[in-house]
Amino acid sequence: MKLNEKRLVETFLKLAQTDSESYDERAMQELVEKELKEIGCRVTVDNAGKKYNTNAKGNVIAFLPGTVKSAPFVLCSHLDTVTPGKGVNPVVKKDCITSDGTTVLGGDDKAGVAIILEILRTLKEQSPAHPPVEAVFTLSEEVGMFGSKNLDYKKLKGREGLILDNEEVDTLLIQGPAVNTIEVWIKGLAAHAGVAPEKGISALEVASYALGQMKLGRIDKDTVANFGVVKGGSATNVVMPELYLKGEARSLVNEKLAKQTAHMKACFDKAVKRFTKKINGKTCKPEVKFAAQERYPAVRVDKKHPVVKSAVAAAKKAGVALKPIACGGGCDANVLAGKGFTLPNVGVGVRDCHTTKEKLILKEFFAAFHIVLETLLSYKK
């Protein structure tokens, strides 16, 4: 099908110049809502914005009826950008679009939003045989996927489709890790470090012992773990009474994540026993509170899934050798996977995301449009 390249670029530029840093997405939400209504979609906005601190009303959900009987095909991109994302001044070059170097460009993920809008316009104008389409535009993905975590899933009937939130157009993300955020509070016993250190229990030593027993870094090909935040202590002559640690574990396999998290807790349990001692005839032991909270679940789409096979075929038709791969990060696809959705993640042609050097490669941007559209057109369930 024919792509109106000029209009796709113009749509992206309009989106890029609409401020939408995370939590400040109302203008972008309203613009996308307006664009969808002009296309002729049935549009609803849920109440996700009331459930956390954003000025937007909610996620935007659009429905375009199909011309063939099928379950809806789901398309998804997010509306927010990272900082600095205010006052974006796009610079259009021969082969790419960049910012002026003072802000991000916002191609992550406004390139995905622009492609979805253009696909819906193309379907309306050129009227090919196609399944119903449900397009979801989420809030606050960059700061914790709060939009997808609070999405009104009752408004969606489809469960398969594509997310457009990947960089290179020749990669299709089909696996992403589940992540547990881990917090540890250690309470020891203060004492004068110069006069009576034996009467204290150092929270730092408890932590050091536990970490010394712990497997961290690369655990196996699917699993990693790390502690990146440490807070504690106030004076050099005081046996440290309290310490706070924050870290994470992530794995492509849920069972491996559970095993690693349990291992990390067990190391702190061993440390409690190791530093339990008698002080003035009384048994004293450190207190450890270990809390692991799921940040998001894993994505695991089979390479043989029909949507994956269709996307690879569509890419070949567009001159792209598409590789289904795993990644170490997370996005809305993880949250949606936990709700029963199967949404491989398509690249849209951006590079150097989250930096002021971000750019959108036009050749890949246009190819992404064709890959997504052809995959959608071949869908029937």
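Throughout what follows, the structure given in this document is the object of discussion. (Residues numbered from 1 in each chain as written. Predicted model: local features only at pLDDT ≥ 70, side-chain atom pairs only at ≥ 80, totals over all residues. Heavy atoms only, no water.)

**Description of the layout of surface pockets**
Here is step 1: Considering only enclosed or pocket space, the largest pocket measures out at about 550 Å³ in volume.
Here is step 2: Glu141, Asp165, Gly329, Gly330 and Cys331 are, among the 32 residues lining the largest pocket, the residues nearest its centre.
Here is step 3: A total of four residues in the lining of the largest pocket trace back to one element, the largest contributor, which is strand E8 (residues 171-176).
Here is step 4: Split by residue class, the lining of the largest pocket holds 14 nonpolar, eleven polar and seven charged. (1 Å grid on protein atoms, 1.4 Å probe; cavity = no way out; pocket = protein on both sides within 12 Å on 5 of 7 lines; lining within 4 Å. Points joined across faces, edges and corners; volume = space filled by probe spheres on them. Helix = DSSP H or I, 4+ residues; strand = E, 2+ residues; numbered from the N terminus. Nonpolar A, V, L, I, M, F, W, Y, C, P; charged D, E, K, R; others polar.)

**Section: the pairing of strand E12 (residues 242-251)**
On a regular strand, each side chain points to the face opposite its neighbour's, so the side chains alternate between the two faces of the sheet.
Here is step 1: With seven of ten residues buried, E12 lies mostly within the body of the structure.
Here is step 2: Here strand E9 (residues 178-187) runs beside E12; their pairing, made up of ten bridges, is antiparallel. Counted as the bridge partner of Thr181 is Glu248 from E12.
Here is step 3: In terms of strand pairing, strand E11 (residues 223-232) meets E12 through nine bridges, oriented antiparallel. By the bridge assignment for E12, Phe227 is matched with Gly247. (Buried < 20%, exposed > 50% of the residue type's maximum accessible area, 1.4 Å probe, protein only. Pairing = 2+ DSSP bridges.)

**With respect to the packing of helix H7 (residues 306-317) against helix H9 (residues 362-377)**
Here is step 1: Where H7 contacts H9, the two axes come as close as 8 Å, and the packing angle between them is 130°. With respect to their mutual orientation, H7 and H9 come out oblique. Here the hand of the crossing between H7 and H9 comes out right-handed. Facing Val307, Ser310, Ala311, Ala314, Ala315 and Lys317 of H7, the residues of H9 in contact are Ile371, Glu374 and Thr375.
Here is step 2: Residues belonging to the contact of H7 with H9 are distributed by class as follows: five nonpolar, two polar and two charged. (Axes fitted to C-alpha atoms, helices over the stretch in contact; angles between N-to-C directions. Parallel < 35°, antiparallel > 145°, perpendicular 65-115°, else oblique. Left-handed = near helix turned anticlockwise from the far one by under 90°. Contact = heavy atoms within 4.5 Å.)

**Here's the deal with the sheet that holds strand E10 (residues 217-218)**
Here is step 1: Spatially, the five strands line up as an open sheet ordered E10-E11-E12-E9-E15, and their pairing is antiparallel. With one partner strand each, in any of the chains shown, E10 and strand E15 (287-296) form the two edges of the open sheet.
Here is step 2: Relative to E15, E9 is paired through nine bridges, and the arrangement is antiparallel. Residue pairing across strands places Asn180 opposite Glu294, the latter belonging to E15.

**Describing empty space enclosed by the protein**
Here is step 1: Evaluation of the coordinates by the stated rule reveals one cavity of 30 Å³ or more.
Here is step 2: Space inside the largest cavity adds up to approximately 30 Å³.
Here is step 3: Lining of the largest cavity is provided by Thr81, Val82, Val104, Gly106, Asp108, His354 and Glu358.

**Observations regarding unusual backbone geometry**
Here is step 1: Following Thr83, the chain continues to Pro84 via a peptide bond in cis, the omega torsion being -10°.
Here is step 2: The topology assignment puts Pro84 in the loop between strand E3 (73-78) and strand E4 (91-92).
Here is step 3: Following Asp108, the chain continues to Asp109 via a peptide bond in cis, the omega torsion being 15°.
Here is step 4: Its identity is not glycine, yet Asp352 carries a phi of approximately 55°, on the positive side.
Here is step 5: Looking at the secondary structure, you find Asp352 in the loop between strand E19 (350-351) and strand E20 (359-361).
Here is step 6: The class of Asp352 is partly exposed, set by a relative accessible area of 41%.

**Some points on the environment of Leu343**
Here is step 1: Secondary-structure assignment places Leu343 in the loop between helix H8 (332-338) and strand E18 (345-347).
Here is step 2: Sequence separation between Leu343 and Lys270 is 73 residues; the distance between their C-alpha atoms is 41 Å.
Here is step 3: Leaving out residues up to four positions away in the same chain, Leu343 has contacts with Val74, Glu160, Gly161, Leu162, Ile163, Ala333 and Leu336.

**Some thoughts on the packing of aromatic side chains**
Here is step 1: If you walk through the whole model with that rule in mind, you get ten aromatic pairs.
Here is step 2: Ring geometry for Trp185 and Tyr244: centres 5.6 Å apart, planes at 50°, overall tilted. Of the two residues, Trp185 sits in strand E9 while Tyr244 sits in strand E12, which places them 59 residues apart along the sequence.
Here is step 3: Judged by its relative accessible area of 17%, Tyr244 falls in the buried class.
Here is step 4: Here Phe227 and Phe268 contribute two aromatic rings whose centre-to-centre distance is 6.2 Å and whose plane-to-plane angle is 80°, an arrangement assigned as edge-to-face. Taken together, the residues Phe227 in strand E11 and Phe268 in helix H6 (residues 254-274) connect sequence positions 41 residues apart. (Phe/Tyr/Trp six-rings, centres within 6.5 Å; stacked < 30°, edge-to-face > 60°.)

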